[in-house]
Amino acid sequence: HKLSVAPEMDIMEYCRKEWRGNTPVAKRMRKGYEAVSQKFASIRRVRGDNYCALRATLFQALSQATQLPSWLQSEDFTMLSENLLSKYDWIKQWQLKQKLGRKMGEISDEIKEYLILLRKKWKSISEIKGPIEKQEACDKVFKNEEEEYSLYEALKFLMLNTAIELYNDDKNGRRVPVFSWLLFARDTSSNPCQLMHNHLNHIGHSGGLEQVEMFLLAYALQYTIQVYRLYKYSTDEFITLYPNDPEKDWPVVTLITEDDRHYNIPVRMCEETML
């Protein structure tokens, strides 16, 4: 079993290995990494398939979890797939990870299993007190492919659920965050059904998360995702928050990207120098 999140490495050492040349891009990347190294000592490389945004976000959320988020505690949480399928027939075309001999109609059971697994893993990891033990438990999840990919299916389904809620809120005249308009202003996702067919079904297979879907992920998890976007170094988009006006009580996870396509994770916050 290969760990899909590599062991930590000194962040500046990583940068020197990756960005040797003297091109303007390499110089900008080195400056970006230097800025990140003021806050974080190490980096962990995330496996570069089309799940990497989900992988990096979930890994960070689990490795710092100290309690089960309230939305994971709710009674209806595990009923989500049944509830949605009873209202929206088109969800039957949800693209589950490839399993041979799957019959139609098992989809809600299967998603339910994934949701239960997500709750179980989150709960058990958040109850571990020691940082080393917590990290080991976290690494274990990301060594088990079957489990890991099931968790991504759960996250994608939560994103669909959040999109449906936002879409309905907007239709009913309730206030929605700006990204929600952008999400449904795309030709390819003018409603949740299209979003599922043209975007969510492809995540992990033929595409990763687009920017606007990073907002959706943040809302689904009720986490603020803070991203160091290295190619934007020295612009005001260098550190981008999803959502950009986060709720005060949402926990924050930090990711790092060189191109908005692949995400790695910075670890080990530097001890603030005592003045």
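Rules and cut-offs
- Residues numbered from 1 in each chain as written.
- Predicted model: local features only at pLDDT ≥ 70, side-chain atom pairs only at ≥ 80, totals over all residues.
- Heavy atoms only, no water.
- Helix = DSSP H or I, 4+ residues; strand = E, 2+ residues; numbered from the N terminus.
- Rg over C-alpha atoms; globule rule 2.2 N^0.38 Å.
- Buried < 20%, exposed > 50% of the residue type's maximum accessible area, 1.4 Å probe, protein only.
- Contact = heavy atoms within 4.5 Å.
- Areas by Shrake-Rupley, 256 points an atom, 1.4 Å probe, with all protein chains shown as cover.
- Lys, Arg positive; Asp, Glu negative; His and termini not counted.
- Charge placed at Lys NZ, Arg CZ, Asp CG, Glu CD.
- Salt bridge = Lys/Arg side-chain N within 4 Å of Asp/Glu carboxyl O.
- Patch = residues over 30% accessible without salt bridge, like charges linked within 9 Å, V, L, I, M, F, W, Y side chains within 5 Å.
- UniProt positions renumbered as here; feature names shortened; annotations may be inferred.
- Polar contact = N/O pair within 3.5 Å; in protein donor to acceptor, adjacent residues only side chain to side chain.
- Pairing = 2+ DSSP bridges.
- Axes fitted to C-alpha atoms, helices over the stretch in contact; angles between N-to-C directions.

## What about the overall build of the protein?
In step 1: Counting its secondary structure elements, the protein contains 11 helices and 6 strands.
In step 2: Relative to the 2.2 N^0.38 estimate, which gives 19 Å for 275 residues, the radius of gyration of the protein is 19 Å and therefore close to what a compact globule would have.
In step 3: Along the longest, intermediate and shortest principal axes, the C-alpha atoms of the protein span 55 × 40 × 40 Å.
In step 4: A buried classification covers 50% of the 275 residues belonging to the protein.
In step 5: Of the contacts formed within the protein by residues at least 6 apart in sequence, a portion of 73% connects residues at least 24 apart.
In step 6: For the protein, the exposed area adds up to about 14,300 Å²; of that, 51% sits on carbon and sulfur atoms.
In step 7: The centroid of the 38 positive side-chain charges in the protein is displaced by 3 Å from the centroid of its 39 negative side-chain charges.

## Observations concerning unusual backbone geometry
In step 1: Between Tyr242 and the following residue, Pro243, the backbone shows a cis peptide bond with an omega angle of -10°.
In step 2: We note that Gln222 has phi near 55°; this positive angle belongs to a residue other than glycine.
In step 3: Here Gln222 is to be found in the loop between helix H11 (211-221) and strand E3 (224-229).

## As for the pattern of salt bridges
In step 1: In the structure shown here, the tally under the stated rule is 18 salt bridges.
In step 2: A salt bridge links Glu8 to Arg268, with the shortest nitrogen-to-oxygen separation between them at 2.6 Å. With Glu8 in the segment before strand E1 (9-10) and Arg268 in strand E6 (residues 263-269), this pair connects stretches of sequence that are 260 residues apart.
In step 3: When its relative accessible area of 36% is taken as the criterion, Glu8 is described as partly exposed.
In step 4: Ionic pairing is found between Lys112 and Glu82, a salt bridge with its closest N-O pair at 3.3 Å. Pair noted here: Lys112 is in helix H6 (residues 107-126) and Glu82 is in helix H5 (residues 80-87), with a separation of 30 residues, a long-range link.
In step 5: Overall, Lys112 belongs to the partly exposed group, its relative accessible area being 23%.

## Re a nonpolar patch on the surface
In step 1: On the surface, a cluster of nonpolar side chains totalling about 330 Å² of accessible area is made up of Val178, Trp181 and Leu182.
In step 2: Counting through the fold element by element, Trp181 comes out in helix H9 (residues 178-185).

## Quick word on the UniProt feature "site: Linear diubiquitin binding" (unreviewed entry) in the protein
In step 1: Listed under "site: Linear diubiquitin binding" (unreviewed entry) in the UniProt record, and renumbered for this structure, are Glu237.
In step 2: Looking at the secondary structure, you find Glu237 in the loop between E3 and strand E4 (239-242).
In step 3: Looking at Glu237, the relative accessible area reads 35%, which means it is partly exposed.
In step 4: If we skip the residues at most four places from it in the chain, Glu237 touches Arg229 and Lys232.
In step 5: Looking at Glu237, its side chain comes within polar contact range of the side chain of Arg229, at 3.4 Å.

## As for the sheet that holds strand E2 (residues 40-44)
In step 1: Strand order in the open sheet formed by 6 strands is E1-E2-E6-E5-E3-E4, and the pairing between neighbours is mixed. At either end of the open sheet lies a strand with only one pairing partner, and these are E1 and E4.
In step 2: Of the strands in this sheet, E2, E3, strand E5 (252-257) and E6 are in contact with helix H3 (residues 52-63), which crosses E6 at around 20°.

## Description of the UniProt feature "active site" (unreviewed entry) in the protein
In step 1: Summarizing the sequence annotation, UniProt attributes the feature "active site" (unreviewed entry) to Asp49, Cys52 and His262 in the numbering used throughout. A maximum C-alpha distance of 8.4 Å places the annotated residues, which cover 214 residues in sequence, within one compact spot.
In step 2: Mapped onto the elements, Asp49 comes out in the loop between E2 and H3.
In step 3: The class for Asp49 is partly exposed, based on a relative accessible area of 24%.
In step 4: Beyond its immediate sequence surroundings of up to four residues, Asp49 is in contact with Arg55 and Tyr149.
In step 5: Note that His262 resides in the loop between E5 and E6.
In step 6: His262 has contacts with Val46, Arg47, Gly48, Cys52, Ile256 and Thr257, leaving out every residue within four places of it along the chain.
In step 7: For His262, the side chain forms a polar contact with the main-chain oxygen of Val46, separated by 3.1 Å.

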